[in-house]
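Inside the fold
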Amino acid sequence: MFKLRKGRFGFAVRVIAVSHTRWVRQKLSSQHDHQHVRTVIAPVLRQYSSLHCLQGDLLRVSGPNYGIPSRGIGMVIARVLRGALKIRYLLLGGSIAGGSALAKTYEQWRDALPDAKFLEGILPSQEDLDSIRTSLISYRDKIKEAVPDFTLDPKLKELGESHYDQLVLWFKERLDDAIRAAEEEKAENAAVFSDGETLTLSGVTKSFTPMVRDFSSDLTQNAISFSAMGSAAEREREKAETIREKYESLQEELMEVQLKYQKEVERLEKENKELRKSLMLKAGDTTARKKIKKSLIDMYSEVLDELCDYDSSYDTQDHLPRVVVVGDQSSGKTSVLEMVAQARIFPRGAGEMMTRAPVMVTLSEGPYHISSFKDSTREFDLTKESELAELRKEVELRMRNSVRSGRTVSHEVISMTVKGPGLQRMVLVDLPGIISTVTTDMATDTREAIRAISQQYMSNPNAIILCIQDGSVDAERSNVTDLVSQMDPQGKRTIFVLTKVDLAEENLTNPDRIRKILAGKLFPMRALGYFAVVTGKGNQEDSIQAIKDYEEAFFRSSRIFKGGVINSHQCTTRNLSLAVSECFWKMVRDTVEQQADAFKATRFNLETEWKNNFPRTRELDRDELFEKARGDILDEVVNLSQLSPKQWEDALSKKLWDKMVTYIFENIYLPAAQTENSGTFNTTADIKLKQWADQMLPKKCVEVGWETLEDEFRKFMECAKNSKDHDNIFDNLKACVVDEAMRRHQWEDKAADVLRVIQLNALEDRSVNDKQQWDAACKFLEDSVKEKLQSTEGTLREMVGPSTKEQWVYWCYPSEDQKKRAAVKAELEKLLISDYTHKNTLSYDEVTTVRKNSQNQGVDVDNEFVRETWHPVYRRHFLRRALAKAYDCRKAFYAYHQGLEGELGVECNDIVLFWRIQQMIKITANALRQQVMNREARRLEKEIKEVLEEYGCDREKKEQLLTGRRVMLAEELKRVRQIQEKLEEFIYALNAEK
């Protein structure tokens, strides 16, 4: 509606009605004509239709509102009429003037009028008014010519039939009010004035009628022009509506053509599938006989696998492209991957987090639709539902196994390959969905861990970010868009995918919201492209083909697409996969050579460091070092078989005696030797030996045999350390392997039973057959007694403190306790000297005597103190007696052989006892040596091999046992070489494909 100025003359402007213009002219022309009134009114008309006023109206029309011609024309016409239709008020003024001068005549009243000639120089002439009128008419024509262009303006479109009818109705109502008000005023004036005066007013009105008629004619022409403009606007509106309908029909036809094209392509692919399969198989048979040729994507995937092993944190050294799929939990990202892979390969859960670790999927073309894992040779046939179910279970199992220590998500990468006819070649990484809330069955840091994993993969400057957004939820609930905008603010490597568009169309009443999303105007992020996809109805049992059919049917009938919200190239997962594959390979070609150069420089730096630090050492990584250590350890096991039987028996005999000597002296020999006669000695010895052989001896001998085997093996290991070619980098590994093997090793169960029998038989024999055995037994007893005597004297030395010589030479002084021990020891020695064959116990009187003698020397001790000192003193005395007896028995063999030893005064029961023990040790050592050489050494070798096999498969164990800069440098150098070689091979194949 026009905006009109309110005032005294505002209602006159409202008389702009095309259908009532002629009626106004007839009303005005019915009045009487008076020329003198025209003379008075003409200057006033000139004032209100001056050039200044008209020029102002023209400028306002051609100013900022030029784009709305209807308003400009209306303002011009309204302002002209406002000045022209002030006639009624002039008439009213004239009537009032005539009433105030009733006595004057018409001529005197005319003469009394003021002279208005001075206005002729100020107001425009008739020629100027004609010129202005001509300009207005030409301006009207220009506006009419411009109306078709302005009809496309949305504001002008809004001026339809309903608005135009309201405007005409409004004009009619205002016109009726104006006429009614004029008639009422005319009736009032007629009642007040006389007949002459009434005639005068009628004459004035009549004289002014021609001028009003002329102006009404112009007004009629302008109103007709305005009506023509409204008709033109209506025609243009109809034309725009027709164009919009044609656009929608073309959009629908375009969608139909695209879907028809996709159907045709799929049909051709199905028809050529068998042919391509046979060609691939034929090519595979040919290359298998020559050289296996890998596809580009397989080669690229191997490079990525090497990089994962080389640097699992994806540091700056790993900038090779891959497609990183991120999205909120349950946003449909897994379904998008399955549509791209054309198989339902991932496990699902109703609202439960299923993706717990990054899954790297390598898509490539092949004759069969199959899938396999990187570390497995099994292939799953994706055309069979049973194997698809097994594949999903395997993926879920690997994900759960990768989660350790109570965590919910893992950084470990699960690598798998999907091959099939028509698949787009690329590498995708499916990441765990981003969550907002951590539930009670998750680790407390799950949300931060998922964001860290996503940021880690998206921080790769060459990673293509496939941002998945659920279209069925509010945009304000999105978490992934903020994260993606942080990692890629410019959107140079981001592709936005809006899923569940079918649900979005049902839930959103305003399709403009979807248009803003796909135009990149709603989310605070930028992207290379925006796609809308439908991944099924939410039924897990639907096949990929059923989902495709549903997606095509939806976009064919969608009002979002028909309304021009999205373009044909922005919908369906097929267009998405083509766009992602194209972007992926473009980025691969742009970056792979830079990465090859970077690894070449890294290799040069590592090789230089190796030459400077390890100039004469081979570059062996952990696996090679482990194999070398394996060989050294097995060589030492083989060296065990090179020990002679005598060496084994000597080592076993020495070990057996070391384990037995304390028990034999304390529990067998001393109790038997301290008896009164020979018969009691033999009886006590036999009983003690029988108990020992039945209970403890066999098991102890088995332990001795195992410990001797371990000691001999470790001796070989120690000898290897002292060699010139020894490399201490293997020490930890070898020691750990030997310890683990020894810990696992168990001696044969029957060995103890076998030993028990032969040991009992050996201990029952008392007959020394020859002089050589007798002398050996004597020497064995002498050596054993000397060893014990030396140990006892050392104990006494500690009890009594340093001797007088040591005090003078070494400035060592005894303590008070040692002084008391020395005094008591001297008294006890006097007692033993007086009674050479004293028993091993002291009587009460003897204790009292020793205590009192010590008190006389100024040493106050108690009875317990005396008895404590007595035991080592008596043992030394007894051992000295036994040693002297052993010397005497050296020549008593013949007396023993003849049974005359008692008559000669020499009892050699000690020699016989130690001979029996010596024979038992010899027989036991021989039996243990046979067991070691025949069975136990081989079992030990087997166990060592088992430990080596386990450690060889345990990467963490090798990293723990083989450490140092040398190992780390060799490992890194080997990996860099492998990666560089694979990159160069891939680049060569990539250039050859071009």
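Computed from a predicted model, the values in this text were never measured in an experiment. (Residues numbered from 1 in each chain as written. Predicted model: local features only at pLDDT ≥ 70, side-chain atom pairs only at ≥ 80, totals over all residues. Heavy atoms only, no water.)

1. Let's talk about the overall build of the protein chain
Which entries qualify depends on this criterion: By definition, any uninterrupted DSSP run of H or I lasting at least four residues is a helix, any uninterrupted run of E lasting at least two residues is a strand, and each is numbered from the N terminus. Whether a residue is buried, partly exposed or exposed follows from its accessible area with a 1.4 Å probe, protein chains only, as a fraction of its type maximum: under 20%, in between, or over 50%, in that order. Calculation of accessible area relied on Shrake-Rupley with a 1.4 Å probe; when residues are assessed, cover is drawn exclusively from the protein chains displayed.
Per the secondary structure count, the protein chain includes 36 helices and nine strands. By residue count, 45% of the 994 residues in the protein chain fall in the buried class. Just so you have it, the protein chain exposes about 52,800 Å², and 50% of that area is on carbon and sulfur atoms.

2. What about the packing of aromatic side chains?
Let me state the cut-off plainly: Only centres within 6.5 Å qualify two rings of Phe, Tyr or Trp (six-membered ring in Trp) as a pair; their planes then separate them into stacked at under 30 degrees, edge-to-face at over 60, and tilted for everything else.
Following the criterion strictly, the structure yields 19 aromatic pairs and no others. The interplanar angle of 45° and the centroid separation of 4.9 Å between the aromatic rings of W610 and F614 together place this pair among those described as tilted. Here W610 and F614 have matching classes, each one buried. On the numbers, 5.5 Å between centres and 80° between planes, the contact of F665 with Y669 is edge-to-face. Placement of both F665 and Y669 in helix 23 (residues 645–673) is noted, with a separation of four residues, approximately one turn of the helix.

3. Brief notes about the pattern of salt bridges
The criterion, for reference: Any carboxyl oxygen of Asp or Glu within 4 Å of a side-chain nitrogen of Lys or Arg constitutes a salt bridge here.
Counting across every chain of the model gives 57 salt bridges. A salt bridge links D298 to K419, with the nearest nitrogen and oxygen atoms 3.7 Å apart. Separated by 121 residues along the polypeptide, D298 in helix 12 (residues 296–310) and K419 in strand 5 (residues 414–419) bring together distant segments of the chain. You can call D298 buried: its relative accessible area is 16%.

4. A word on the state of the cysteines
Put simply, the rule is: By convention in this document, the label disulfide applies to cysteine sulfur atom pairs within 2.5 Å.
Under the criterion given, the structure shown has one disulfide. Each disulfide pairs two cysteine sulfurs, and for C889 the partner residue is C908, the sulfurs being separated by 2.5 Å. In this structure, the disulfide formed by C889 and C908 twists by about -105° around the S-S bond and is classed as left-handed. With C889 in helix 32 (residues 863–889) and C908 in the loop between helix 33 (893–898) and helix 34 (909–953), this residue pair connects regions lying 19 residues apart in the sequence. Both residues of the pair, C889 and C908, belong to the buried class.

5. Digging into helix 13 (residues 333–341)
Of all the nine residues making up helix 13, nine are buried; the element is thus mostly covered by neighbouring parts of the structure. Residues of helix 13 that are buried include every one of K333, T334, S335, V336, L337, E338, M339, V340 and A341, and no others. Trailing helix 13 by a residue or two, Q342 shows a phi angle of about 60°, which is positive.

6. Looking at the pairing of strand 5
Using the following cut-off: Strands are treated as partners if at least two bridges between them are detected by DSSP.
Across the six residues of strand 5, five count as buried, placing the element largely inside the fold. Across six bridges, strand 2 (residues 359–364) lies against strand 5 in parallel orientation. Across the sheet, V359 pairs through a bridge with I414, a residue of strand 5. Of the strand pairs in this sheet, strand 3 (residues 370–373) and strand 5 are connected by four bridges, and their pairing is antiparallel. By the bridge assignment, F373 is partnered in strand 5 with M416.

7. Notes on the sheet that holds strand 5
Within a sheet, each strand pairs with its neighbour through backbone hydrogen bonds, oriented either parallel or antiparallel. Note the cut-off: Every residue pair with non-hydrogen atoms within 4.5 Å of one another is taken to be in contact. To define axes, lines are fitted to C-alpha atoms, for helices over the stretch in contact only, and angles between the resulting N-to-C directions are given on a 0 to 180 degree scale.
In spatial order, the strands read 4-3-5-2-6-1-7-8-9; together these nine strands make up an open sheet with mixed pairing. Strands with a single pairing partner mark the edges of an open sheet, and in this sheet they are strand 4 (380–381) and strand 9 (529–532). As paired strands, strand 1 (residues 323–327) and strand 7 (residues 464–470) are joined by five bridges and run parallel to one another. When the sheet's bridge partners are listed, V325 is paired in strand 7 with L466. On top of the sheet, helix 15 (residues 446–458) reaches strand 1, strand 6 (426–430) and strand 7; it is set at about 150° to strand 1, its chief contact.

8. Topic: helix 30 (residues 816–834)
Which entries qualify depends on this criterion: How far a helix is expected to stretch is found by multiplying one less than its residue total by 1.5 Å.
Look at helix 30: 28 Å from first C-alpha to last across 19 residues, which is about the 27 Å you get at 1.5 Å a residue. Taken residue by residue, helix 30 has Q818, R821, A823, V824, K825, E827, L828, L831 and L832 as its buried positions. Considering only its buried residues, helix 30 is in contact with helix 28 (771–800), helix 31 (844–856) and helix 32.

9. Regarding the nonpolar core
We apply this condition: Among the buried residues, those of types Ala, Val, Leu, Ile, Met, Phe, Trp, Tyr and Cys that are joined through side-chain atoms within 4.5 Å form a nonpolar core.
Of all hydrophobic cores here, the largest spans 105 residues; its most connected members are W657, M660, Y669, F713, W774, I911 and I944. Per element, the largest residue contribution to this core is 17 residues, and it comes from helix 34. Contact partners of F713, with chain neighbours within four places excluded, come to I633, E636, V637, L640, V738, M742 and I944.

10. Focus on the packing of helix 28 against helix 34
As a reminder, the rule being used: In this scheme, roughly parallel covers angles under 35 degrees and roughly antiparallel covers those over 145, while 65 to 115 is roughly perpendicular and the rest are oblique. Charged residues are taken to be Asp, Glu, Lys and Arg, nonpolar residues to be Ala, Val, Leu, Ile, Met, Phe, Trp, Tyr, Cys and Pro, and polar residues to be all remaining types, Gly included.
Between helix 28 and helix 34, the least distance of the axes is 8 Å, while the angle of their chain directions is 95°. With respect to helix 34, the element helix 28 is oriented roughly perpendicular. On helix 34, the residues touching Q773, W774, A776, A777, C778, F780, L781 and S784 of helix 28 are D910, I911, V912, F914, W915, I917, Q918 and I921. Here the residues of the contact of helix 28 with helix 34 sort into 12 nonpolar, three polar and one charged.

11. Re unusual backbone geometry
Positive phi, normally seen in glycine, also occurs at S330, with a value near 65°. Considering the arrangement of structural elements, one finds S330 in the loop between strand 1 and helix 13. Phi at Q342 takes a positive value of approximately 60°, unusual for a residue other than glycine. With respect to the helices and strands, the residue Q342 is situated in the loop between helix 13 and strand 2. Of the residues examined, Q342 reaches a relative accessible area of 25% and is grouped as partly exposed.

12. Describing the side chain of Q918
Following the sequence through the fold, Q918 ends up in helix 34. Q918 has contacts with A776, A777 and F780, leaving out every residue within four places of it along the chain.

13. Comments concerning the environment of E718
With respect to the element layout, E718 can be found in helix 25 (residues 697–721). When the C-alpha positions of E718 and D731 are compared, they lie 9.9 Å apart, and in sequence the two are 13 residues distant.

14. Some thoughts on the side chain of S410
In this fold, S410 is placed in the loop between helix 14 (385–402) and strand 5. Setting aside anything within four residues of it in sequence, one finds S410 in contact with R356, A357, P358, S402, V403 and I453.

15. Some words on the pairing of strand 8 (residues 494–499)
Of all six residues making up strand 8, six are buried, and the element is well covered by its neighbours. Note that strand 7 and strand 8 share six bridges and pair parallel. When the sheet's bridge partners are listed, Q469 is paired in strand 8 with L498. Alignment of strand 8 against strand 9, held across four bridges, turns out to be parallel. Its bridge partner lying in strand 9, V497 is registered against F531.

16. What to know about a nonpolar patch on the surface
To be explicit about the condition: Candidates for patches are residues over 30% relative accessible area with no salt bridge; among them, like charges are joined within 9 Å and nonpolar side chains (Val, Leu, Ile, Met, Phe, Trp, Tyr) within 5 Å.
On the surface, W808, V809 and Y810 cluster together into a nonpolar patch covering about 440 Å² of accessible area. The residue Y810 is located in helix 29 (residues 804–810) in this model. Its relative accessible area of 60% is what places Y810 among the exposed residues.

17. Some words on the environment of R966
This is how it is decided: Between N or O atoms, a polar contact is any pair within 3.5 Å; within protein, one atom must be a potential hydrogen donor and the other a potential acceptor, and residues adjacent in sequence are included only when both atoms are from side chains.
Along the chain, R966 turns up in helix 36 (residues 965–993). Note on R966: relative accessible area 16%, which makes it buried. As for R966 and F614, which are separated by 352 residues in sequence, their C-alpha atoms are 7.7 Å apart. Excluding anything up to four places from it in sequence, R966 contacts W610, F614, T617, L625, D727 and I729. Within polar-contact distance, the side chain of R966 engages the side chain of D727 at 2.9 Å.

18. Points about the environment of F626
Structurally, F626 can be placed in helix 22 (residues 622–640). Accessibility expressed as a relative area gives 1% for F626, which makes it buried. The spacing of F626 and Y951 is 325 residues in sequence and 8.8 Å in space, taken between C-alpha atoms. With near-sequence residues (within four places) excluded, F626 lies in contact with L733, L948, Y951, G952, K958 and L962.

19. Details of the confidence of the model for the protein chain
Inclusion rule: On a scale of 0 to 100, pLDDT captures the predictor's confidence in every residue.
Put simply, the protein chain has an average pLDDT of 75, and 68% of its residues get 70 or more. Of all helices and strands in the protein chain, the one with the weakest mean pLDDT is helix 4 (residues 51–61) (38), whereas strand 1 scores best (91). Taken as a whole, residues 97–103 scores under 50 in pLDDT and shows two contacts with residues more than four places along the chain or in a different chain. Note on residues 189–209: pLDDT is under 50 here. Beyond four places in sequence and across chains, it has 47 contacts.

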